Amino acid sequence: MHDELTELCTGISVIGLDLRELRPPTDGLLRSAPWPDGPGTIHLLAPDALRPLAARDQRVHWHPDLRAAWEAWSALFI
């Protein structure tokens, strides 16, 4: 997933990802974050199990719900 998203996001500086339906491994361990390399800013909706990975990445802006994500995302274009 990471490699596919990285390829799709080449050249994009800001992205929004809704990974709420992602089912991380039950042991809670992922080898790496599933979001892509490259974008300077990532607005992320994802399962709470991924929050520790998001905390380590300065590009990631965690949003608790769709409304908060939309408000942050739409403010970029005003």
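Structure report, in brief. (Residues numbered from 1 in each chain as written. Predicted model: local features only at pLDDT ≥ 70, side-chain atom pairs only at ≥ 80, totals over all residues. Heavy atoms only, no water.)

Observations concerning the overall build of the chain
Across its full length, the chain carries 3 helices and 3 strands. Overall, the chain shows an N-to-C arrangement of helices and strands of α-β-β-α-β-α. Considering the chain as a whole, with its 78 residues, one finds that 33% of them fall into the buried category. Within the chain, contacts between residues separated by at least 24 positions form 49% of all contacts whose residues are at least 6 apart in sequence. When the accessible surface of the chain is totalled, it reaches about 5400 Å², and 55% of it is carbon and sulfur. (Helix = DSSP H or I, 4+ residues; strand = E, 2+ residues; numbered from the N terminus. Buried < 20%, exposed > 50% of the residue type's maximum accessible area, 1.4 Å probe, protein only. Contact = heavy atoms within 4.5 Å. Areas by Shrake-Rupley, 256 points an atom, 1.4 Å probe, with all protein chains shown as cover.)

Here we look at the side chain of histidine 43
Residue position: histidine 43 is located in strand 2 (residues 41-45). With residues up to four places along the chain from it excluded, the contact list for histidine 43 reads Val14, Ile15, Gly16, Leu17, His61, His63, Ala72, Trp73 and Leu76.

Focus: the pattern of salt bridges
Two side chains that carry opposite charge are able to pair once their charged atoms sit near each other. The final tally for this structure, using the stated rule, is 3 salt bridges. For arginine 59, the salt bridge identified is with aspartate 57, shortest N-O distance 2.7 Å. (Salt bridge = Lys/Arg side-chain N within 4 Å of Asp/Glu carboxyl O.)

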